[in-house]
Amino acid sequence: MKDRPHSGAPFADPTSIARPSDDERFMRQALEEGRLAGDHGDVPIGAAIVRDGTVVARAGNRREVDADPTAHAEVLAIREAARVLGRWRLSDSALYVTVEPCAMCTGAAVLARVALVVFGAPDEKAGAVRSVAELLDATWMNHHPRWRYYAPAREEVERLLSEFFSTQRKNRSAD
Ligand SMILES: [Zn+2]
C-alpha cells in the first residue's frame, strides 16, 4: 500500500454522516455480512451503507452464489440503499466495507455520490483507493468521496479471509 499524501481528506468527514468514533460499530455490521457471504461459499467481504448514524443497507459478496462477476458487496449495498431511499444519489451516506474497494466498486461509490468510504483492510492486489490506484483522489473524477482506512479492523478482516481460503483449499484437496 502506497503511503503518500493525496488530495482528499482521509481522516476528516462531515460529522453528520459517520464520525471516526462510529467506525467500529459500522465495520462490525460489514464484517457480519462478510461472514454470511463466506457461509455460501463467497469470498467473505461485506459492506454497509450508513446515513444519519443508521445502517440503511447491508450486503455481502454474492459473486459465486449468483454467478455474477459484478455482485460485489459494495455494489449490492449501494443498490439496496438507493432502493430503500428511493434515489440514486447517496451524497448523505457513507460506505463501510471490510476490504479496500476494487476499481468497479470505487467507481460505483463515485457514481452514487457517496460522501465517505471507510475500509477495514487494504487490498494490495486490487484496491483502487490507495493500493494499486487512487481513484477517489483522481482529478478527472467528477466527485470525490472522502475516505479513511479503519486499521483496527484489519486483523479480523484478514483472519476471516485467510480462514475462508484455507477451508477452500482443504475442500479442494479432499475431492
Ligand atoms: Zn469490488
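Residues numbered from 1 in each chain as written. Predicted model: local features only at pLDDT ≥ 70, side-chain atom pairs only at ≥ 80, totals over all residues.

(A) Quick peek at the overall build of the protein chain. Of regular secondary structure, the protein chain possesses 5 helices and 5 strands. Shown N-terminal to C-terminal, the secondary structure of the protein chain runs as helices and strands in the order α-β-β-α-α-β-α-β-β-α. Relative to a compact globule of 175 residues, whose C-alpha radius of gyration would be 16 Å, the protein chain shows 15 Å and is just as compact. Overall, the protein chain is about 50 × 40 × 30 Å in size when its C-alpha atoms are taken along their principal axes. (Helix = DSSP H or I, 4+ residues; strand = E, 2+ residues; numbered from the N terminus. Rg over C-alpha atoms; globule rule 2.2 N^0.38 Å.)

(B) Up close: the packing of helix α3 (residues 73-85) against helix α4 (residues 103-111). At a minimum axis distance of 9 Å, the contact between α3 and α4 shows a crossing angle of 20°. When the axes of α3 and α4 are compared, the pair comes out roughly parallel. For the pair α3 and α4, the sense of crossing is left-handed. Seen from α3, the contacting residues are E74, V75 and I78; seen from α4, they are M104, C105, A108 and A109. The residue inventory of the contact of α3 with α4, partitioned by class, reads 6 nonpolar, no polar and 1 charged. (Axes fitted to C-alpha atoms, helices over the stretch in contact; angles between N-to-C directions. Parallel < 35°, antiparallel > 145°, perpendicular 65-115°, else oblique. Left-handed = near helix turned anticlockwise from the far one by under 90°. Contact = placed C-beta atoms within 7 Å. Nonpolar A, V, L, I, M, F, W, Y, C, P; charged D, E, K, R; others polar.)

(C) The nonpolar core, seen in detail. Among the nonpolar cores identified, the biggest contains 48 residues, and A77, L95, Y96 and V117 are the most heavily contacted of them. The greatest single-element share of this core, amounting to 6 residues, is contributed by α3. Among all residues touching V117, those that are not within four sequence positions of it are L95, P101, A109, V129, L136, P145 and W147. (Core = buried A, V, L, I, M, F, W, Y, C linked by C-beta atoms within 7 Å. Buried ≥ 20, exposed ≤ 12 C-beta atoms within 10 Å, placed from the backbone.)

(D) Seen up close, α4. Among the residues of α4, C105, T106, A108 and A109 are the ones counted as buried. Seen along its axis, α4 keeps its buried residues to an arc of 155°; they face one direction. Buried residues along α4 sit against α3, β3 (93-97) and β4 (116-119). Just downstream of α4 lies R113, where phi reads positive at about 60°. (Arc of directions from axis to C-beta.)

(E) Broad picture of the confidence of the model for the protein chain. Overall, the predicted model of the protein chain reaches an average pLDDT of 91, with 90% of residues at or above 70. Here residues 3-13 scores under 50 on pLDDT; set against residues more than four positions off or in separate chains, the count is 17 contacts. (pLDDT = per-residue confidence, 0-100.)

(F) Here's a closer look at the environment of E124. With respect to the helices, strands and loops of the structure, E124 is situated in the loop between β4 and β5 (146-149). Of the residues examined, E124 has 10 C-beta atoms within 10 Å and is grouped as exposed. Taking the C-alpha atoms as reference, E124 lies 19 Å from A138; in sequence the two are 14 residues apart.

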